[in-house]
Amino acid sequence: MRKLHKITMGLAGVWMCTAAPLKARQDMSDVEIRTVSVAEGIYMLVGQGGNIGLSVGENGPFVVDDQYAPLTEKILAAIAEVSDGEVRFVLNTHWHFDHTGGNENFGEAGAFIVAHENVRRRMSVDQFMEAFDRAVPAAPPIALPIITFTEGVTFRWNGETIRVVHVENAHTDGDAIVMFENANVVHMGDTFFRDRFPFIDTATGGSIDGMIAASGTALAVMDGETQVIPGHGALSNREDLRRYRDALKTMRDAVAELMGRGRSLEQIVAARPIRAQAEAWGQNEAAEASFVATIHYGLVA
Ligand SMILES: [Zn+2]
């Protein structure tokens, strides 16, 4: 069973990562940063890696996640198109390199980097991402969050109330959801991958139940007008997030039901309990098997 887990997690690396690990080592000169206007004073920047959230206004740019280091100049240029002043805060939704890769540059430029305590803890030492078979070296001190929180933190900034809430053991063990209360926008970090199987980093504390709970936490503060920025994928709304949460729950329950009947992981994969969702999202059988293993892993742990 352990072996199958390895195999399926290995496959996971091929498809799950929005091709980030391979491309991270490639030239990013062709990547363009696209600016999406989300609400008054709030933007989503799309390039390569996790979607960036941006609040602009009288106090200066407040950035949620910063993609990869080679993109910092382009990200700054995109920010300068809609805002004056230096970036004052960078909030990391979690430790992954496609969301924190620009930290070193932003830190050197004088921004305060803020994240959950476990983000700093993980970035401070070498990590190994089993799903991608990739070593992630410890970040230099300037790239580490210098303000950390455990439960959450609130910023009064740019006329906004920016509420940052930690959700436990979801995509990792250090996830934050960021709520721009006045603008009615929520950045979900990687607790939300729109219209595809999410990557759940079980090796650093992620779990299917935490993912479902994270969506529930966010849905509780949303209304029909709320704009939702996913970690990966297009700008969304409450119904998109609800559909995704319900899909996760249906798949989780289908795997749990077979586990309850004493089926092994191999048997559960062979039974294809989440096939309908894989087809609905246009994902291949390897991705489907991998996500079954991810759910299984979370339920066993
Ligand atoms: Zn991630």
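Just above, that's the structure.
Predicted model only: the values in this text are computed from it and were never measured. (Residues numbered from 1 in each chain as written. Predicted model: local features only at pLDDT ≥ 70, side-chain atom pairs only at ≥ 80, totals over all residues. Heavy atoms only, no water.)

A. Structural view of the overall build of the chain. Along the chain, the regular secondary structure elements total 11 helices and 15 strands. Dimensions of the chain along its principal axes, counting C-alpha atoms only, are 60 × 40 × 35 Å. Buried positions account for 56% of the 301 residues belonging to the chain. Long-range contacts, defined here as pairs at least 24 residues apart, represent 65% of the contacts in the chain between residues at least 6 apart. By element, 49% of the accessible surface of the chain is carried by carbon and sulfur atoms, the whole surface being about 12600 Å². (Helix = DSSP H or I, 4+ residues; strand = E, 2+ residues; numbered from the N terminus. Buried < 20%, exposed > 50% of the residue type's maximum accessible area, 1.4 Å probe, protein only. Contact = heavy atoms within 4.5 Å. Areas by Shrake-Rupley, 256 points an atom, 1.4 Å probe, with all protein chains shown as cover.)

B. Representation of the packing of helix 7 (residues 208-219) against helix 8 (residues 238-260) in the model. Close contact between helix 7 and helix 8 brings their axes to 10 Å; oriented N to C, the two are set at 155°. Judged on the interaxial angle alone, helix 8 and helix 7 are roughly antiparallel. Between helix 7 and helix 8 the crossing geometry is left-handed. In this structure, helix 7 contributes I208, D209, M211, I212, S215, G216, A218 and L219 to the contact, and helix 8 contributes R238, L241, R242, Y244, R245, L248, K249 and R252. Looking at side-chain class alone, the contact of helix 7 with helix 8 contains eight nonpolar, two polar and six charged residues. (Axes fitted to C-alpha atoms, helices over the stretch in contact; angles between N-to-C directions. Parallel < 35°, antiparallel > 145°, perpendicular 65-115°, else oblique. Left-handed = near helix turned anticlockwise from the far one by under 90°. Nonpolar A, V, L, I, M, F, W, Y, C, P; charged D, E, K, R; others polar.)

C. Seen up close, the coordination of the zinc ion. Donor atoms from the polypeptide that bind the zinc ion are H94 (NE2), H96 (ND1), H171 (NE2) and D190 (OD), placed at 2.2 Å. Seen from the zinc ion, its four donor atoms lie at angles of 87 to 171°, and the figure they make is irregular. Between consecutive donor residues of the zinc ion, the sequence gaps follow H-x1-H-x74-H-x18-D. Taken as a pair, H96 in the loop between strand 5 (89-91) and helix 4 (97-100) and D190 in the loop between strand 13 (185-187) and helix 7 lie far apart in primary sequence, 94 residues in all. Considered together, H96 and D190 belong to a single accessibility category, that of buried residues. (Donors = N, O, S within 2.8 Å, 3.2 Å for Na, K, Ca; no water. Tetrahedral: all angles 85-135°; square planar, octahedral: opposite > 155°, others 65-115°.)

D. Main features of the side chain of N158. Position of N158 relative to the elements: it lies in the loop between strand 10 (152-157) and strand 11 (160-167). Looking at N158, the relative accessible area reads 11%, which means it is buried. Other than its neighbours up to four places away in sequence, N158 contacts S55, V56, G57, E58, N59 and G60.

E. Inspection of the environment of E266 at higher detail. If you trace the backbone, E266 turns up in helix 9 (residues 265-271). In this structure E266 comes out as partly exposed when scored by relative accessible area, which is 36%. Each C-alpha atom, one on E266 and one on M44, is 41 Å from the other, the two residues being 222 residues apart in sequence.

F. View of the environment of Q277. Topologically, Q277 is positioned in helix 10 (residues 275-280). Spatially, the C-alpha atoms of Q277 and A247 are 7.3 Å apart, while their sequence positions differ by 30 residues. Every residue in contact with Q277, bar those within four places of it in the chain, is listed here: A247 and M251.

G. Just the nonpolar core, in detail. M188 and F291 are the most contacted members of the largest nonpolar core, which totals 36 residues. When contributions to this core are tallied by element, the ones reaching two or more residues are strand 12 (175-180), helix 7, helix 8, helix 9 and helix 11 (285-300). In terms of residue count, the dominant contributor to this core is helix 8 (seven residues). Dropping the residues within four chain positions of it, M188 is found in contact with A176, I177, A214, S215, A218, M222, V228, I229 and L241. (Core = buried A, V, L, I, M, F, W, Y, C linked by side-chain atoms within 4.5 Å.)

H. Structural detail: the pattern of salt bridges. Scanning all chains against the criterion turns up 16 salt bridges. Residue D246 is joined to R245 by a salt bridge in which the shortest nitrogen-to-oxygen separation is 3.0 Å. With a relative accessible area of 35%, D246 lands in the partly exposed category. Here E279 makes a salt bridge to R275, at a shortest N to O gap of 3.0 Å. Here R275 and E279 lie together in helix 10, a separation of four residues that amounts to about one turn. Among the residues examined, R275 registers a relative accessible area of 40% and is labelled partly exposed. Here the residues in one salt-bridge network are R194, D195, D240 and R243, joined through shared partners. (Salt bridge = Lys/Arg side-chain N within 4 Å of Asp/Glu carboxyl O.)

That's the geometry; what it means functionally is another story.
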